[in-house]
Amino acid sequence: MRRSKLTQLLSMCSILCLVLLGCSDESAPPPSSPLTSDAVEVTGEVAFIYDNVPADGGAFIDLKLEDGKSERLLFAPFYWGDDSEERWQLYGKIKEVELGDRVKAVGQRTERGVELEDITILDR
């Protein structure tokens, strides 16, 4: 009798685990998927640059906006799958950016920042 209840309990636990593993939250976007479908444009002064692309990483640029807020511009690593000529040209533009430059950036807003599609140096 005791063994039967233990078997039933283990069976129910197994079924519960399988159900929980099969459930997903489809409303939550992946980490780098856009939160909106429209591109955003931000303009600000470059406050910090991190470039780890030569070591197979990504890059990001922190901007200080005119209203005192900040914005992070993101450039994903090439090994994530998009190593097109356009992405290499964008990376070339990123390498030209220096601290203190005033830049205009266009990209898709994500929960981590703005995934860069273009960047233009306005003032040095």
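In this report, the structure presented in the accompanying data block is examined. Worth saying up front: this structure is predicted, and the values here are computed from it rather than measured.

**Here's the deal with the sheet that holds strand β5 (residues 114-123)**
Around the barrel, which closes on itself, the five strands sit in the order β1-β2-β3-β5-β4 with mixed pairing between neighbours. Across the sheet, the mean angle from the axis of one strand to that of its neighbour is 45 degrees, orientation sign disregarded. As paired elements, strand β1 (residues 39-51) and strand β4 (residues 102-109) share seven bridges and run antiparallel to each other. Bridged to V42 within β4 is A105. Lying over the sheet, helix α2 (residues 85-96) contacts β1, β2 (59-65), β3 (70-75) and β5, oriented at roughly 45 degrees with respect to β5.

**Some remarks on the pattern of salt bridges**
Summed over the entire model, instances satisfying the criterion amount to seven salt bridges. Where D118 meets K93, a salt bridge forms, and the shortest distance between an N and an O atom there is 2.6 Å. Taken together, the positions of D118 in strand β5 and K93 in helix α2 put the pair 25 residues apart, joining distant regions of the chain. R124 serves as the salt-bridge partner of D101, at 3.2 Å between the closest nitrogen and oxygen. Here D101, found in the loop between α2 and β4, pairs with R124, found in the segment after β5; they are 23 residues apart in sequence, far enough to count as distant. Taking the relative accessible area as the measure of exposure, D101 reaches 2% and is therefore buried.

**With respect to the side chain of E115**
For E115, the location among the structural elements is in strand β5. The class of E115 is buried, set by a relative accessible area of 14%. One polar contact links E115 to R112, side chain to side chain, over a distance of 2.8 Å.

**As for the pairing of β2**
Among the seven residues of β2, six are classified as buried, and the element is accordingly described as predominantly covered. Bridge count between β1 and β2: seven bridges; the pairing is antiparallel. Bridge pairing links E45 to K64 in β2. The sheet contact formed by β2 and β3 spans six bridges and is antiparallel. Among the inter-strand pairings, L63 is bridged to a residue of β3, identified as E71.

**What to know about the layout of surface pockets**
Approximately 200 Å³ is the volume attributed to the largest pocket. Lining the largest pocket are 13 residues, and of these A76, D82, R87, E115 and L116 lie nearest its centre. If you list the elements that add at least two residues to the lining of the largest pocket, you get β3, α2 and β5. For the lining of the largest pocket, the per-class residue count stands at seven nonpolar, one polar and five charged.

Thresholds, definitions, all that
Residues numbered from 1 in each chain as written. Predicted model: local features only at pLDDT ≥ 70, side-chain atom pairs only at ≥ 80, totals over all residues. Heavy atoms only, no water. Pairing = 2+ DSSP bridges. Helix = DSSP H or I, 4+ residues; strand = E, 2+ residues; numbered from the N terminus. Axes fitted to C-alpha atoms, helices over the stretch in contact; angles between N-to-C directions. Contact = heavy atoms within 4.5 Å. Salt bridge = Lys/Arg side-chain N within 4 Å of Asp/Glu carboxyl O. Buried < 20%, exposed > 50% of the residue type's maximum accessible area, 1.4 Å probe, protein only. Polar contact = N/O pair within 3.5 Å; in protein donor to acceptor, adjacent residues only side chain to side chain. 1 Å grid on protein atoms, 1.4 Å probe; cavity = no way out; pocket = protein on both sides within 12 Å on 5 of 7 lines; lining within 4 Å. Points joined across faces, edges and corners; volume = space filled by probe spheres on them. Nonpolar A, V, L, I, M, F, W, Y, C, P; charged D, E, K, R; others polar.

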